[in-house]
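What the coordinates show
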Protein chains: 2
Amino acid sequence: MTAYRTARKRDAAATRQALVQAAAGLFAERGYERTTVREIAARAGVNQALLFRYFGSKQSLFEEVVAGESLRHLRETPPESVLETALRGLLAAGTDEQGQRHRALEIFLRSAVGGTATKTGALLSEEYADALAMLTDAEDAALRADLVLAWLLGIGLTRSVVGRGALAGADPDEVCALVLDCARTMLEKLPQNGGR
Amino acid sequence: MTAYRTARKRDAAATRQALVQAAAGLFAERGYERTTVREIAARAGVNQALLFRYFGSKQSLFEEVVAGESLRHLRETPPESVLETALRGLLAAGTDEQGQRHRALEIFLRSAVGGTATKTGALLSEEYADALAMLTDAEDAALRADLVLAWLLGIGLTRSVVGRGALAGADPDEVCALVLDCARTMLEKLPQNGGR
DNA sequence: ACCGGTTGTAAGCGTCTGCTTACAAAAGTA
DNA sequence: TACTTTTGTAAGCAGACGCTTACAACCGGT
């Protein structure tokens, strides 16, 4: 390494984006705290001092990742598909069979536990809960939505962290069927499973 | 501090136990990675070098905490009460209204995400899943049990980490009613809610 | 009284972390 | 060309981390 490479291409925008993308991937894989700025810079193929020039701090970069990539995806999804889309995104974690999927909850659950990234994460989870709460007319809609969202997070946690047991190796379609069926007792406007 | 204190009482067993108890509390509050050996020693009122004399490493101490305190509690609980007991233990997290409650899942969910403590945590979650799987005769019992366990973890995650939203401030009885009702569609042998 | 093993203490080692600084090379402008 | 500004690089700082070491105080047995 560092053999030839007299100089980089001098493209600030490209460097910024490379950092954001590398960070998004690493935050999803390892979480906020376990990802180091040196790793991010290395994956982006960039000197780590640039991370601080462009984003100021690791925390600010995290916020940009969540606000940019994650919230955009969510807002483009209609409420009644949020559950299934998020669930399938979570079930596909690790296997990058889809180029661009809902990585938001993955990033959140891997990062939130630490505590540093909580403020940004809380905002994200609130948006998900709000979307889910539109699927019921019950007066405790907010609580029901939170419970369903909690289920999503728990499934992601069990899958990607424990990585063992029946859930880890289960067929996504089967999991979807069970979960959606069960969730319909809490959110009555949830559509039938599309099959897919 | 450190004013008089010529010497400690020289009681190895008490020191060990003080370390285990302090560690259990801190692991439940902050998780494995965010808890430092210096904090554990400080809360135990003990020199941090003793942690290494008695346990060898932070990881070994963690294993002793999980194997000792947590698994014992679980094994003393009949399968049909595991869900409600664990759920209520999780809902009581933070508020130490009960002196000794099911802290196991709390420790697990706060520690597992990091990754280091995964091996020990996986064993713990397997025991929970096995207990829950006894509550259904469906052929996908293991998957159903994992999904319910995932829900528990997700609820604990949302409650203790996000700390905002409807779930965080909800009445434990209300949450129990909703969750147990819904879980009964997956685990048919689950008893009716005891009211309590 | 003395000695060997146990328990507690103070200091620090090596490494990793987020972040900063000083500087060199490229691009824009005249 | 000469200059300023922008982009990239190398080196390192201060603090925290898990863990180790050298040593002092206490204890029981002889």
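Residues numbered from 1 in each chain as written. Chains lettered and ligands numbered in written order. Predicted model: local features only at pLDDT ≥ 70, side-chain atom pairs only at ≥ 80, totals over all residues. Heavy atoms only, no water.

**Comments concerning the environment of Val179(A)**
Tracing the backbone shows Val179(A) in helix 10 (residues 172–183). Measuring from C-alpha to C-alpha, the distance between Val179(A) and Leu83(A) comes to 9.6 Å, with 96 residues separating the pair along the chain. Beyond its immediate stretch of four places on either side in the chain, Val179(A) contacts Leu87(A), Trp151(A), Ile155(A) and Leu147(B). (Helix = DSSP H or I, 4+ residues; strand = E, 2+ residues; numbered from the N terminus. Contact = heavy atoms within 4.5 Å.)

**Focus: the relation of the copies chain A and chain B**
Think of it as a corkscrew move, a rotation about one axis and a shift along it, taking one chain copy to the other. Between the two copies, chain A and chain B, the superposition gives an RMSD of 0.1 Å; the rotation angle is 180° and the shift along the axis is 0.0 Å. What we have between these two chains is a two-fold relation. No C-alpha of chain A approaches the rotation axis more nearly than that of Gly154(A), which lies at 1.9 Å. The fraction of interface residues of chain A whose copies in chain B are also interface residues reaches 100%, indicating that both copies meet through the same surface. (Least-squares fit on C-alpha atoms with pLDDT ≥ 70 in both.)

**Brief notes about the interface of chain A and chain B**
Facing the 39 residues of chain A at the interface are 39 residues of chain B. Both faces considered, chain A and chain B share a buried interface measuring about 3300 Å² in area, 74% of it formed by carbon and sulfur atoms. When residues of chain A are sorted by the area they lose upon contact with chain B, Val113(A), Trp151(A) and Leu178(A) head the list and together hold 18% of the total. Taken together, the connections running from chain A to chain B amount to 2 salt bridges. Seen at the junction of chain A and chain B, the total is 8 residue pairs in polar contact (both at pLDDT 80 or more). Among the secondary structure elements, those contributing two or more residues to the side of chain A that touches chain B are helix 6 (104–112), helix 7 (118–133), helix 8 (141–162), helix 9 (165–169) and helix 10 of chain A. Take the side of chain A that touches chain B: its biggest share by element is 14 residues, from helix 8 of chain A. Of the residues belonging to the side of chain A that touches chain B, the class tally is 23 nonpolar, 8 polar and 8 charged. (Buried area = accessible area lost by both parts, 1.4 Å probe. Salt bridge = Lys/Arg side-chain N within 4 Å of Asp/Glu carboxyl O. Polar contact = N/O pair within 3.5 Å; in protein donor to acceptor, adjacent residues only side chain to side chain. Nonpolar A, V, L, I, M, F, W, Y, C, P; charged D, E, K, R; others polar.)

**Observations regarding the state of the cysteines**
Tallying each qualifying case throughout the model produces 0 disulfides over all chains. With no disulfide of its own, Cys182(B) lies closest to Cys182(A) among cysteine sulfurs, the gap being 3.1 Å. Residue Cys182(B) is classed as buried on the basis of its relative accessible area of 2%. (Disulfide = S-S within 2.5 Å. Buried < 20%, exposed > 50% of the residue type's maximum accessible area, 1.4 Å probe, protein only.)

In short, shape yes, function no, at least from these values alone.
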